[in-house]
Amino acid sequence: MTQNHEHPSPVMISGFLDGELSDAEAQVLERHAATCHTCAMRLVEGMRLKAATSSAESRYEASAEVLTRLRSGIVAANKRENPGARLRRGWSPLVWSTLTVCLVLVAFAAWQQVRRPDTLSAELLDAHLATLSNGADPEVISTDKHTVKPWFQGKLPFSFNVPDALPPDTQLKGADLTFVNGRPAALLLFLIHKHEVSVFVMSRDAGELMRQSGTRAGFSFQAETTPELRLVGVSDVNPVELGELMKALARVQ
Amino acid sequence: MVFKRNRSAEFEQEAVPLLPALYRHACWLTRDKAEAEDIVQEALTKALRGFDSFQSGSNFKAWIFRILRNVFLTSRTGVAATQTIYLEEHLDGGELTDAGHSPEEELLRLDDSAALHAALDALSPPLRDVLLLCDVEGMRYREIAAVMQLPIGTVMSRISRARATLRMSLNGHFGEAA
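Residues numbered from 1 in each chain as written. Chains lettered and ligands numbered in written order. Predicted model: local features only at pLDDT ≥ 70, side-chain atom pairs only at ≥ 80, totals over all residues. Heavy atoms only, no water.

*Asks:* Any chance you could break down the overall build of chain A for me, citing the residues and the numbers?
*Replies:* Scanning chain A for helices and strands turns up eight helices and seven strands. When each of the 253 residues of chain A is scored for burial, the buried share is 42%. (Helix = DSSP H or I, 4+ residues; strand = E, 2+ residues; numbered from the N terminus. Buried < 20%, exposed > 50% of the residue type's maximum accessible area, 1.4 Å probe, protein only.)

Following this line, the structure appears as structure tokens:
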């Protein structure tokens, strides 16, 4: 819209109402509305509609209880992420002695923490256990890779392949969309003999913290890396068989 | 340790004032208050985990809303919602036509909140989400573009079409009653 006599488009009117037009554009629109009754009424109606929509804020107001729970959740999550001791000033020598002992224990616990599997493996194990326990079907139930792979198109910022031939007594069950390390990932569900296997397919940088293999709480982890992807398998099946499946998946990427 | 404590405090300082807005938007996304609370809780946990990668001074609100939407989109409700693919040109249902009425004839009665809520509910999610982020959450277009991962032009177009669709719905509601 460059001339006073041109009616502004609906997009321009919306932009004006939202304060998104440049000063020059806003001035042109205002000058036009000053002389065009129809557009002036459109602006008035638009302002009223915007104000009414804004009032929809009250439809889903969080109660004090909800806010308290959410805030407590932040505090709890903070404590989980930062388990170190909190220091204060002006303590007595007895307190400092006690604190020294605590620090030694914390340092020992931290050393133990380094030896334990990384937090990403904990997240993946939780996700695997959730698929075992909730009994709900995955979003895609199919043994056919030609059904599973296309389902993910548009849902993930990467693509991946499923092999035609799987290791002996291994079957694709289905797939789901999940979230790992804050990033979208594919969850492929397999059966090896009767053991459930979860394979997480993610972009390579999302899975960088994951070690190549390990165990946690009786479950095996096997990770494979391709130029673009990180694949991590979790299962209670024999680690050798899990490794064969992971290698078969990595070979076709 | 001190650095991590300061970052935790910084995260709380940024996140707590946004809790009502996050919960509200989650309710619009899920239409279920219990699920909305779960999604907000999960988003906060993921945001805290990723907070080290967040640059102080950049737009925390857009960043955490983006995380909230990601959590929703990968939830069962969100995945089911995304099964329907909306073509950009048909987001308004393809029913917007100029009936040739003057603005006075089309002056909306906006005092009926139930009718307004019903009209908002009837909007397609791609239109409704951008409109709510703009009018309810007060976000700028570039913030909405960052949250929704859309070009700014698409944000502008969707907001305009959302308002036009609302107008048609509310006109239709009161036109039948008159």
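*Asks:* How would you sum up the overall build of chain B? Please name residues and give values.
*Replies:* Summing up its helical and strand segments, chain B has nine helices and zero strands in all. Counting over 178 residues, chain B shows a buried share of 51%. Sequence separation of 24 or more characterises 70% of the internal contacts of chain B that already satisfy a separation of 6 or more. Split by element, the accessible area of chain B, about 8300 Å² in all, is 52% carbon and sulfur. (Contact = heavy atoms within 4.5 Å. Areas by Shrake-Rupley, 256 points an atom, 1.4 Å probe, with all protein chains shown as cover.)

*Asks:* Could you give me a rundown of the pattern of salt bridges, with the residues and numbers involved?
*Replies:* With the rule as written, the count across this model stands at 16 salt bridges over all chains. Salt-bridge contacts for arginine 163 of chain B lead to aspartate 18 of chain A; the nearest nitrogen and oxygen are separated by 2.8 Å. Note that arginine 163 of chain B is positioned in helix 9 (residues 152-177) and aspartate 18 of chain A in the loop between helix 1 (10-17) and helix 2 (23-35), a pairing that runs across two chains. We classify aspartate 18 of chain A as buried; its relative accessible area is 11%. A salt bridge links arginine 167 of chain B to glutamate 45 of chain A; its shortest N-O distance comes to 2.6 Å. A residue pair is termed interchain when its members come from two chains, as with arginine 167 of chain B in helix 9 and glutamate 45 of chain A in helix 3 (residues 37-54). Residue arginine 167 of chain B is classed as partly exposed on the basis of its relative accessible area of 22%. (Salt bridge = Lys/Arg side-chain N within 4 Å of Asp/Glu carboxyl O.)

*Asks:* Which residues make up the packing of aromatic side chains, and what values do they have?
*Replies:* All names here are of chain B. Here the structure, examined in full by the defined rule, presents nine aromatic pairs over all chains. Considering the side-chain rings of phenylalanine 51 and phenylalanine 54, the 5.6 Å spacing of their centres and the 15° angle between planes classify their relative orientation as stacked. Phenylalanine 54 shares its class with phenylalanine 51; the two are buried. A centroid spacing of 5.5 Å and a plane angle of 85° characterise the contact between phenylalanine 54 and phenylalanine 60, whose relative ring orientation is edge-to-face. Look at phenylalanine 54 and you get buried, because its relative accessible area is 7%. Phenylalanine 60 sits in the buried class, given a relative accessible area of 4%. Taken together, Phe11, Phe51, Phe54, Phe60 and Trp63 form an aromatic cluster joined through their ring pairs. (Phe/Tyr/Trp six-rings, centres within 6.5 Å; stacked < 30°, edge-to-face > 60°.)

*Asks:* Which residues make up the state of the cysteines, and what are the values?
*Replies:* Applying the stated criterion across every chain, the model contains zero disulfides over all chains. There is no disulfide at cysteine 39 of chain A, and the cysteine sulfur nearest it, in cysteine 36 of chain A, is 3.6 Å away. (Disulfide = S-S within 2.5 Å.)

*Asks:* Report on the interface of chain A and chain B, specifying residues and quantitative values.
*Replies:* Across the contact, 52 residues belong to chain A and 55 residues belong to chain B. Summed over both partners, the interface of chain A with chain B buries about 5100 Å², with 59% contributed by carbon and sulfur atoms. Linking chain A with chain B are seven salt bridges, by the criterion used here. Run the count over chain A and chain B and you get 14 residue pairs in polar contact (both at pLDDT 80 or more). Considering each element in turn, the side of chain A that touches chain B owes the most residues, 12 residues, to helix 4 (residues 64-81) of chain A. (Buried area = accessible area lost by both parts, 1.4 Å probe. Polar contact = N/O pair within 3.5 Å; in protein donor to acceptor, adjacent residues only side chain to side chain.)

*Asks:* Which residues make up the pairing of strand 3 (residues 183-192) of chain A, and what values go with them?
*Replies:* Residues and elements named next belong to chain A. Most of strand 3 sits inside the fold, with eight of its 10 residues counted as buried. Relative to strand 3, strand 2 (residues 170-180) runs antiparallel, the two being bridged by 10 bridges. Paired with threonine 170 across the strands is isoleucine 192, a residue of strand 3. What sits between the antiparallel neighbours strand 2 and strand 3 is a turn of two residues, in which asparagine 181 has the positive phi angle 55°. From the end of strand 3 to the start of strand 4 (residues 195-203), which pair antiparallel, there are two residues, and histidine 193 there has a positive phi angle of about 55°. (Pairing = 2+ DSSP bridges.)

*Asks:* If you had to explain the environment of leucine 249 of chain A to someone new, which residues and values would you point to?
*Replies:* Residue and element names in this part refer to chain A. Secondary-structure assignment places leucine 249 in helix 8 (residues 239-251). Taking the C-alpha atoms as reference points, leucine 249 and leucine 166, 83 residues apart in sequence, are found 8.4 Å from one another. With residues up to four places along the chain from it excluded, the contact list for leucine 249 reads Pro163, Phe190, Val199 and Leu231.

*Asks:* Provide a residue-level description of the confidence of the model for chain A, including the pertinent values.
*Replies:* Residue and element names in this part refer to chain A. In this model, chain A carries a mean pLDDT of 80, and residues with pLDDT of at least 70 account for 76%. Least confident of the elements in chain A is helix 5 (residues 93-115), whose mean pLDDT is 59; most confident is helix 1, at 94. Throughout residues 85-89 the model reports pLDDT below 50, and contacts reaching past four residues in sequence, or to other chains, amount to five contacts. (pLDDT = per-residue confidence, 0-100.)

*Asks:* An account of the nonpolar core is needed here, citing residue identities and associated values.
*Replies:* If you look at the biggest cluster of nonpolar residues, it comprises 63 residues, and the most contacted ones within it are Phe11, Leu44 and Ile144 of chain B. Ignoring sequence-local partners within four residues, the contact set of phenylalanine 11 of chain B consists of Ile74 of chain A together with Leu44, Ala47, Leu48, Phe51 and Phe60 of chain B. Ranked by size, the runner-up nonpolar core spans 25 residues in total, among them Leu229, Leu231, Met246 and Leu249 of chain A. (Core = buried A, V, L, I, M, F, W, Y, C linked by side-chain atoms within 4.5 Å.)

*Asks:* Break down the pairing of strand 7 (residues 229-235) of chain A for me, with residues and values.
*Replies:* Residue and element names in this part refer to chain A. The buried fraction of strand 7 amounts to seven of the seven residues, a majority that puts the element mostly inside the structure. Judged by which residues are buried, strand 7 turns out to be covered on both faces: Leu229, Leu231, Gly233 and Ser235 on one side and Arg230, Val232 and Val234 on the other are all buried. Direction of pairing for strand 4 relative to strand 7: antiparallel, over a ladder of seven bridges. From the neighbouring strand, valine 199 faces strand 7, where its bridge partner is glycine 233. Pairing of strand 6 (residues 219-225) with strand 7 involves six bridges; the strand directions are antiparallel. Residue pairing for strand 7: serine 220 is matched across the bridge by serine 235.

*Asks:* Run through helix 1 of chain A, naming residues and quoting values.
*Replies:* Residues and elements named next belong to chain A. Burial analysis of helix 1 places six of its eight residues in the buried class, the great majority of the element. Those residues of helix 1 lying buried are Met12, Ile13, Ser14, Gly15, Phe16 and Leu17. Positive phi shows up at glycine 19, right after helix 1, with a value of about 70°.

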